[in-house]
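Listed here are the chains, written in short residue letters.
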Amino acid sequence: MSFAEKIVVPKFKEIRKEANVSLKELAQKVGVVSTSTLSRWERGEEGLPVEIFEKLLTSMNISYNEIITSEVDIKQVIVKIEFAYQENDINELKNYHCVYLINISNRVMNSQK
């Protein structure tokens, strides 16, 4: 499980449970994944493509910003990016890049409101 998923998955699961939405209901709303796929994702056994994750967020009316800013300080992300760069871990760099850009984008958008 990537750094981004370690942060996002538990928070998403918490929000889903608080909303009393079952995995079956969520899978039906999204229409592109099975209940078992979502369950494996929530347990950290399988990844989900970004496009599907975006559909999950949309179906639950959750912003990525709600998940990421409540759990991550941007400094933590920068430290992880630096470490992945030193280790030449391209996949983790891609994940961190997405987290960082989305976080910055959301902060800019929120500051303009």
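Residues numbered from 1 in each chain as written. Predicted model: local features only at pLDDT ≥ 70, side-chain atom pairs only at ≥ 80, totals over all residues. Heavy atoms only, no water.

Direction vectors running N to C along helix 2 (residues 23–30) and helix 3 (residues 35–42) enclose 115°, while the axes themselves pass 8 Å from each other. Considered as vectors, helix 2 and helix 3 are oriented roughly perpendicular to each other. The crossing of helix 2 and helix 3 is right-handed. Packed against helix 2, whose contacting residues are Leu23, Lys24, Leu26 and Ala27, the element helix 3 presents Thr35, Leu38, Ser39 and Glu42 at the interface. Classifying every residue of the contact of helix 2 with helix 3 by side-chain character gives four nonpolar, two polar and two charged. (Axes fitted to C-alpha atoms, helices over the stretch in contact; angles between N-to-C directions. Helix = DSSP H or I, 4+ residues; strand = E, 2+ residues; numbered from the N terminus. Parallel < 35°, antiparallel > 145°, perpendicular 65-115°, else oblique. Left-handed = near helix turned anticlockwise from the far one by under 90°. Contact = heavy atoms within 4.5 Å. Nonpolar A, V, L, I, M, F, W, Y, C, P; charged D, E, K, R; others polar.)

Mapping Ser59 onto the fold places it in helix 4 (residues 50–60). Overall, Ser59 belongs to the partly exposed group, its relative accessible area being 22%. Taking the C-alpha atoms as reference, Ser59 lies 7.5 Å from Leu26; in sequence the two are 33 residues apart. The residues touching Ser59, leaving out its near neighbours within four places in the chain, are Leu26, Lys29 and Val30. A polar contact is formed between the side chain of Ser59 and the backbone oxygen of Leu56, at a distance of 2.9 Å. (Buried < 20%, exposed > 50% of the residue type's maximum accessible area, 1.4 Å probe, protein only. Polar contact = N/O pair within 3.5 Å; in protein donor to acceptor, adjacent residues only side chain to side chain.)

The full count for this structure, using the stated rule, is three aromatic pairs. In textbook terms, an aromatic cluster arises when at least three aromatic residues are bridged by ring pairs, as seen for Phe12, Trp41 and Phe53. (Phe/Tyr/Trp six-rings, centres within 6.5 Å; stacked < 30°, edge-to-face > 60°.)

This brings us to helix 4. Along helix 4, the residues classified as buried are Ile52, Phe53, Leu56, Leu57 and Met60. Angular distribution of buried residues about the axis of helix 4 spans 145°; they occupy a single face of the element. Exposed and oriented more than 90 degrees from the buried face of helix 4 are Glu51 and Thr58. (Arc of directions from axis to C-beta.)

Quick look at the pattern of salt bridges now. Scanning the entire structure with this criterion turns up three salt bridges. Its salt-bridge partner being Arg16, residue Glu42 comes within 2.7 Å of it at the nearest N-O pair. Here Glu42, found in helix 3, pairs with Arg16, found in helix 1 (residues 3–18); they are 26 residues apart in sequence, far enough to count as distant. Of the two residues examined, Glu42 and Arg16, each falls in the buried class. Residue Glu45 is joined to Arg43 by a salt bridge in which the shortest nitrogen-to-oxygen separation is 2.8 Å. According to the relative accessible area criterion, Arg43 is partly exposed, its value standing at 48%. (Salt bridge = Lys/Arg side-chain N within 4 Å of Asp/Glu carboxyl O.)

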